[in-house]
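# Structural characterization, general
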Amino acid sequence: MRAIRNALARRSVLIGGAAAIVIVAAVATAVILAAGNAASGDDEPTASAPDPTATATRTATPTATASPTTIPHAGILDGTPMSAEEWAARKDLLPIAVMIDNTPNSVPHFGIGAADLVYEAFVEGGITRLMAVFWRSEADLLMPVRSARTPFVIWVDELGALYAHAGAATTTNDANAYGQIIDWGIRDLDAFKPGSNSAYHRDTSRYAPYNLATSTTRLRAAAAALGFAGPPTVESWKFRQPDDTTERGVPARGIQVDFSGRQYAWQLIQWKWDETRRAYGRFQFGGPYVDGATGEQVFFTTVIVMRVNGAVVDASGHVLLEQFGEGPATVFTGGRAIEGTWRKADRKARTRFYDASGNEIAFERGPIFIEVIGQQSEFTFTADAAALPELPRYVPPPPAPGPIADDDLPPTLTPTEAATPAPTATPTPPPDQPTPTPTAGSDGGSTEASPTAGAGDG
């Protein structure tokens, strides 16, 4: 607890911790991240202002089209090669970070497969939440959007991103995500806030609160109306050049992350290397993890497992992470594992990754997924994906009609197109998922607030 408070106590960073959650991992320490510029280490050409609604399509395995030794234009988040036309259309756009629920009732997720970068980390009640970040690509449907938490607000700040969420944790301690969004000047696109609520709607094919939907186009339109403009300020990580064939690390075609450490089917995640795609396919909920928007399995070129100390800071179970300083991490890229260290100097600094020799790690070009694990989590990897254990059987929870918790929907303000929310239900844990206890907190146990709503989306 003392280490967390020392790291987080500065006035500009309103987070801190109580009881420390020391991160445990079954693998050696490692992670490495490196810096680059907005053109992925290469000079940026001048170009005309972009069309705010311009779109780009992402492929799981990007192919460089430039010279053998350099890539003139690349995605600022994932390093994927871009044409001069794509770069000119997007170079002044801000990244968009979107909060996505990750409880059993929330799947399938829509739009995750189009993200350039995704973070997964603990919130309360032993559950995790996702934050998908978009810059190079667009997503026509993103769902279900959920509320903000402090660790994610910190990542949004380092990315200089637009922040799409449905309410936020509002507390009297350092987990006060709503207050931090205001105090830190985050470019806020809250679903329950006038000016940005027009970007959201309720999907009547699902029940609340797992049916709040948006798109990157609508979010950009709302941002423009609020005067949120680029160019982006995020510093790119380092990515490998096409002629770099050096093999680093050790073979790692199978990855397993067990957030709960108890083999619960919905919290056990596997990644399996696909040589044809040159990317890792995600498996969760007992099988391939599929994007509801495309019906296809989700693949990411690089997977990073970070071990970060943390603490549960109140009876609602809000979790704070020790995100400043350094810690162990493993970078999986190109089908190999590189052990190393993550480092982040302060709230504004970019989290970066370094190998055991202190050199920044260059990632393969393509989308990146970051798993941020805790003390109770277990983590391992194998040279061959076939050596991973079989995923435990998963039984999805049946939707149970009934009222939802008061703090899941705002009483006075809803997104446009949502005057009459879809039929609601109380989520029922699957047979192998324990009901969260008061000491651990639950997803609906905190007060989520926006200025006019008084409550968020949980």
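Above this text sits the structure in question.
So, how was this worked out
- Residues numbered from 1 in each chain as written.
- Predicted model: local features only at pLDDT ≥ 70, side-chain atom pairs only at ≥ 80, totals over all residues.
- Heavy atoms only, no water.
- Buried < 20%, exposed > 50% of the residue type's maximum accessible area, 1.4 Å probe, protein only.
- Helix = DSSP H or I, 4+ residues; strand = E, 2+ residues; numbered from the N terminus.
- Pairing = 2+ DSSP bridges.
- 1 Å grid on protein atoms, 1.4 Å probe; cavity = no way out; pocket = protein on both sides within 12 Å on 5 of 7 lines; lining within 4 Å.
- Points joined across faces, edges and corners; volume = space filled by probe spheres on them.
- Nonpolar A, V, L, I, M, F, W, Y, C, P; charged D, E, K, R; others polar.
- Right-handed = clockwise from strand over helix to strand, strands pointing away.
- Core = buried A, V, L, I, M, F, W, Y, C linked by side-chain atoms within 4.5 Å.
- Polar contact = N/O pair within 3.5 Å; in protein donor to acceptor, adjacent residues only side chain to side chain.
- Contact = heavy atoms within 4.5 Å.
- Salt bridge = Lys/Arg side-chain N within 4 Å of Asp/Glu carboxyl O.
- Arc of directions from axis to C-beta.
- Phe/Tyr/Trp six-rings, centres within 6.5 Å; stacked < 30°, edge-to-face > 60°.
- Lys NZ or Arg CZ within 6 Å of the ring centre and 35° of its normal.

Among the 10 residues in helix H3 (residues 150-159), 10 count as buried, and that is most of the element. Of all the residues in H3, the buried ones are Thr150, Pro151, Phe152, Val153, Ile154, Trp155, Val156, Asp157, Glu158 and Leu159. With its phi angle positive at about 60°, Gly160 sits one or two positions after the end of H3.

Within strand S10 (residues 254-258), five of the five residues are buried, which leaves the element mostly enclosed by the surrounding structure. What you see with S10 is no split at all: Gly254, Gln256 and Asp258 on one side and Ile255 and Val257 on the other are buried throughout. Of the pairings in the sheet, the one linking S10 to strand S11 (residues 268-274) comprises five bridges and is antiparallel in character. Within S11, the residue paired with Asp258 across the bridge is Leu268.

According to the stated counting rule, one finds one cavity of 30 Å³ or more in the structure shown. Counted as a void, the largest cavity has a volume near 30 Å³. Around the largest cavity, the lining residues are Tyr119, Trp155, Glu158, Trp237, Met306, Thr351, Phe353 and Ile370. When grouped by side-chain class, the residues that make up the lining of the largest cavity number six nonpolar, one polar and one charged.

In the case of a regular strand, side chains alternate between the two sheet surfaces. Side chains Leu162 and Ala164 project from strand S5 (residues 162-165) onto one buried face, and the interleaved Tyr163 and His165 project onto a second face that is buried too. Note that strand S2 (residues 96-100) and S5 share three bridges and pair parallel. Across the sheet, the residue bridging to Val98 is Ala164, located in S5. Examined bridge by bridge, S5 and strand S6 (residues 187-190) share four bridges and lie parallel to one another. Residue His165 lies in a different strand from S6, and its bridge partner there is Asp190. Crossover handedness for the path S5 to helix H4 (residues 177-183) to S6: right-handed.

This paragraph deals with the nonpolar core. In terms of nonpolar packing, the biggest core is built from 101 residues, with Met131, Tyr163 and Phe332 touching the most fellow members. No other element matches H3, which puts six residues into this core.

Locating Gln284 in the fold gives a position in strand S12 (residues 279-284). Among the residues examined, Gln284 registers a relative accessible area of 2% and is labelled buried. Here Trp266 takes part through its backbone oxygen, which lies 2.9 Å from a polar atom of the side chain of Gln284. In this structure Gln284 touches Asn102, Trp266, Leu268, Ile269 and Tyr289, once residues within four positions along its chain are discounted.

For the rest of this paragraph, the subject is the pattern of salt bridges. Inspection of every chain in the model, using the stated rule, returns 21 salt bridges. Residue Arg90 pairs with Glu138 through a salt bridge whose shortest N-O separation is 2.5 Å. In this pair, Arg90 is assigned in helix H2 (residues 84-90) and Glu138 in the loop between strand S4 (128-134) and H3, connecting sequence segments 48 residues apart. Note on accessibility: Arg90 and Glu138 belong to one class, buried. Residue Asp101 is joined to Arg146 by a salt bridge in which the shortest nitrogen-to-oxygen separation is 2.2 Å. With Asp101 in the loop between S2 and strand S3 (117-122) and Arg146 in the loop between S4 and H3, this pair connects stretches of sequence that are 45 residues apart. In this structure, Asp101 and Arg146 share a single accessibility class: buried. Taken together, the salt bridges that share partners define one network made up of Arg240, Asp244, Arg248 and Glu364.

Residue placement: Val250 occurs in strand S9 (residues 250-251). What makes Val250 partly exposed here is its relative accessible area of 41%. Each C-alpha atom, one on Val250 and one on Ala383, is 7.7 Å from the other, the two residues being 133 residues apart in sequence. Excluding its chain neighbours within four sequence positions, the residues that come into contact with Val250 are Gly335, Arg336, Ala337 and Phe381.

Another point: helix H5 (residues 216-225). Every buried residue of H5 is listed here: Thr216, Leu219, Arg220, Ala222 and Ala223. Seen from one end, H5 has its buried residues packed into an arc of 160°, which puts them on one side. Seen from the open side of H5, the exposed residues pointing more than 90 degrees away from its buried face are Ala224 and Ala225. The secondary structure elements touched by the buried residues of H5 are H2, S2, S4, S5 and S6.

Our focus in this paragraph is unusual backbone geometry. Looking along the chain, the bond that leaves Met143 and enters Pro144 is cis, with omega of -5°. Looking at where Pro144 falls in the secondary structure, it is placed in the loop between S4 and H3. With an omega of 10°, the peptide bond between Gly230 and Pro231 qualifies as cis. Mapped onto the secondary structure, Pro231 falls in the loop between H5 and S9. Here the phi dihedral of Arg278 falls at roughly 55°; this positive angle occurs in a residue that is not glycine. When you line up the elements, Arg278 lands in the loop between S11 and S12.

Both the distance between ring centres and the angle between the ring planes are used here to describe each pair of aromatic rings. Here the structure, examined in full by the defined rule, presents 18 aromatic pairs. Ring centres 5.4 Å apart and planes at 75° place the aromatic pair Phe152 and Trp155 in the edge-to-face group. Residue Phe152 and its partner Trp155 are located together in helix H3, separated by three residues, close to a single helical turn. Each of the two residues, Phe152 as well as Trp155, counts as buried. Ring geometry for Tyr207 against Tyr210: centres 5.8 Å apart, planes inclined by 85°, an arrangement best described as edge-to-face. Here the aromatic cluster, defined as three or more aromatic residues joined through ring pairs, consists of Trp273, Tyr280, Phe332, Phe379 and Phe381. The ring of Phe283 carries Lys272 above its face, with NZ or CZ at 4.6 Å from the centroid. Over the ring of Tyr289 we find Arg282; its NZ or CZ atom is 4.8 Å from the centre of that ring.

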